[in-house]
Amino acid sequence: MFKELLKGFFTGFVTTFKHLFRKPVTEQYPEYKRTLPPRSRARIILTRDPDGDERCVACYLCSAVCPVSCISMQSAQREDGRRYPRWFRINFARCIYCGFCEEACPTLAIQLTPHFETCEREVLKLVAEKEDLLVNHGGKNKEYNFYRHAGVTMVGDKGTHVNEEKPVDLKTNLP
Ligand code: SF4
Ligand code: SF4
């Protein structure tokens, strides 16, 4: 019994001693900032299409899918009929960075970025308005333009439209 106690005691010391000479793995934040993968989910932005127009068409899908109801907006319409959000607000004090809004967005307007340094002492500063969210680039997919895909009339054969793949003959999948 005493022998086992001594063994356990010295094993602990040996383990600690070995770690004294190992390279530390602690990352000294904020002096050292790790580059996060591009798909990390943090700060949310509203992006623009390649023509410089804001992508958001105020369809409310992101707002509807958000599990904590932290997105709100009011839709408006331009003279050419294109919709846009008159105002767009995200309450980052409630956001859980789940990414559902990005998944639901048909125009790739709303995107989560790896920028995670968004901490604030005053909670009201975590409410972001459209001018805080709207950026001057296309984010993850700079080429995508919703209006080059939406509303395309169905002329021609299936599989011949923009970025459309040839239809699959389901019978060929049968065992
Ligand atoms: S990341 Fe999730 S919680 Fe945050 S705004 Fe989008 S849907 Fe809502
Ligand atoms: S960000 Fe996307 S999902 Fe949300 S309202 Fe705008 S177009 Fe719709």
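As shown above, the structure is provided for reference.
We now turn to the structure provided with this report. (Residues numbered from 1 in each chain as written. Chains lettered and ligands numbered in written order. Predicted model: local features only at pLDDT ≥ 70, side-chain atom pairs only at ≥ 80, totals over all residues. Heavy atoms only, no water.)

Moving on: the nonpolar core. Judged by nonpolar contacts, the single largest core of 22 residues is most densely connected at I44, I71, F88, I90, F92 and I110. Listed by contribution, the elements that provide at least two residues to this core are β1 (44-46), β2 (71-77), β3 (83-91) and β4 (110-112). If we skip the residues at most four places from it in the chain, I71 touches C62, S63, F88, R89, I90, C101 and I110. (Core = buried A, V, L, I, M, F, W, Y, C linked by side-chain atoms within 4.5 Å. Buried < 20%, exposed > 50% of the residue type's maximum accessible area, 1.4 Å probe, protein only. Helix = DSSP H or I, 4+ residues; strand = E, 2+ residues; numbered from the N terminus. Contact = heavy atoms within 4.5 Å.)

Attention now goes to the site of ligand 2. Ligand 2 sits among 13 residues. The nearest are C56, C59, Y60, C62 and C105. Taken together, the residues that form the shell around ligand 2 break down as 12 nonpolar, 1 polar and no charged. (Near = heavy atom within 4 Å. Nonpolar A, V, L, I, M, F, W, Y, C, P; charged D, E, K, R; others polar.)

Time to look at the pattern of salt bridges. A full pass over the atoms with the stated rule returns 11 salt bridges. For D53, the salt bridge identified is with R78, shortest N-O distance 3.3 Å. Highlighted residues: D53 in the loop between β1 and α2 (61-65) and R78 in the loop between β2 and β3, separated in sequence by 25 residues. Note on R78: relative accessible area 32%, which makes it partly exposed. (Salt bridge = Lys/Arg side-chain N within 4 Å of Asp/Glu carboxyl O.)

A word on the pairing of β3. Pairing of β2 with β3 involves 7 bridges; the strand directions are antiparallel. Its bridge partner lying in β3, A76 is registered against Y84. The antiparallel hairpin formed by β2 and β3 contains 5 residues in its connecting segment, where G81 sits at a positive phi of about 95°. The pairing of β3 with strand β5 (residues 127-128) spans 2 bridges and is antiparallel. Bridge pairing links N91 to V127 in β5. (Pairing = 2+ DSSP bridges.)

This part covers the environment of Y147. Note that Y147 resides in the segment after α4 (130-133). Through-space distance from the C-alpha of Y147 to that of T107 is 8.6 Å; in sequence the pair is 40 residues apart. Every residue in contact with Y147, bar those within four places of it in the chain, is listed here: V57, R82 and R83.

Under the definition given, this model contains 6 aromatic pairs. Plain terms: the ring middles of F9 and F10 are 5.6 Å apart, the flat faces sit at 85° to each other, and that makes the pair edge-to-face. With a centroid separation of 5.3 Å and 85° between ring planes, the pair formed by F146 and Y147 is classed as edge-to-face. Judged by its relative accessible area of 22%, F146 is partly exposed. (Phe/Tyr/Trp six-rings, centres within 6.5 Å; stacked < 30°, edge-to-face > 60°.)

As a further point, take unusual backbone geometry. P30 follows Y29 through a cis peptide bond whose omega is 10°. Along the chain, P30 turns up in the loop between α1 (2-20) and β1.

Here we have 3 strands laid out as an open sheet, ordered β2-β3-β5, and antiparallel in their pairing. Edge positions in the sheet fall to β2 and β5, since each of these pairs with one other strand and no more.

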